[in-house]
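Survey of secondary and tertiary structure
Residues per chain, in single letters:
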Amino acid sequence: YVFRYDISNLIKTGSDNLLEVKVSKHSANQSVNEAERKADFWIFGGIFRPVYLESLPQTHIERVQIDAKADGNFIANLAFIGDADKVEVALTGKDGKRFGNKFSANIVKGTKKLALNNQFTQPSVWSSEFPNLYKATFTLFKNGKEVHQIAKNIGFRTIDLRERDGLYVNGVKMKFKGVNRHSFYPKSGRTTSKKISIADVLLMKEMNMNAVRMSHYPPDGHFLDVCDSLGLFVMDELAG
């Protein structure tokens, strides 16, 4: 799983620091151990996904959740750390040109979360046949100066689950055809790459599939990015 620790208070500035990582064979979560060791997939020791140090300004965006509907309604929930006074949002298309107008919201002092809403006109919607994406850039301001910026690829789409009928995407009823996928490659075990993700998704698309199920844990981030850009519906899962 992706996880992070804040080690700011452990760092000794101006001198060398030693970072040690201890890898436990068993999870502290017993339900994960049950899923891994008594289910239907192999497990391996060691670290097989990227490990890195991340340095952020004291005032920064912590996370953002985006729901962009097929009618152009754009909703985002933003959480941030520190004191900021404004956030600005801009969308660009695949050609790099601005889509719609930039919009912003002022931040009430003392708040750490913000809900954003804007209406865009006639976006190119996302579907498995036509995976149109836009880049949403969020910029955080403090005292009128830009302090942090993040960007997310998004698709405008409306998902509607109708009782005793089925799932509709952008008003069209969908029939899912797909396959299960593990994060696994013969030459590298659980360590995969974006190149492997692209090859896997292209293979599924060549077999006329439109969906994939993560069995039985979240994949590498690059696999989800490739599903977005090439057009696959994803059923994500957690182990345990």
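See the structure shown above.
Below or above, wherever it landed, is the structure these notes cover. (Residues numbered from 1 in each chain as written. Predicted model: local features only at pLDDT ≥ 70, side-chain atom pairs only at ≥ 80, totals over all residues. Heavy atoms only, no water.)

Helix and strand counts for the chain come out as 3 helices and 13 strands. Seen along its three principal axes, the alpha-carbon backbone of the chain occupies a region of about 55 × 55 × 35 Å. Partitioning the contacts of the chain with sequence separation of at least 6, the portion at a separation of at least 24 is 57%. When the accessible area of the chain is evaluated, it comes to approximately 16,300 Å², of which 52% is carbon and sulfur surface. Computed over 34 positive and 26 negative side-chain charges, the inter-centroid distance for the chain is 1 Å. (Helix = DSSP H or I, 4+ residues; strand = E, 2+ residues; numbered from the N terminus. Contact = heavy atoms within 4.5 Å. Areas by Shrake-Rupley, 256 points an atom, 1.4 Å probe, with all protein chains shown as cover. Lys, Arg positive; Asp, Glu negative; His and termini not counted. Charge placed at Lys NZ, Arg CZ, Asp CG, Glu CD.)

Let us now look at the nonpolar core. Counting residues in hydrophobic clusters, the biggest one holds 25 residues, and the most contacted among them are Phe74, Leu91, Leu116, Phe138, Ile154 and Phe156. Taken together, the elements giving at least two residues each to this core come down to strand S1 (60-68), strand S2 (73-81), strand S3 (86-92), strand S4 (98-106), strand S5 (113-119), strand S6 (134-142) and strand S7 (145-154). (Core = buried A, V, L, I, M, F, W, Y, C linked by side-chain atoms within 4.5 Å. Buried < 20%, exposed > 50% of the residue type's maximum accessible area, 1.4 Å probe, protein only.)

The next subject is the sheet that holds S5. In space, the 3 strands of this open sheet follow the order S1-S2-S5, with antiparallel pairing throughout. Since the sheet does not close on itself, it has two edges, and those belong to S1 and S5, each with one partner. Here the average twist between neighbouring strands, direction ignored, is 20 degrees. Where S2 lies against S5, 7 bridges are found, and the strand directions are antiparallel. Bridge pairing links Leu78 to Leu114 in S5. (Pairing = 2+ DSSP bridges. Axes fitted to C-alpha atoms, helices over the stretch in contact; angles between N-to-C directions.)

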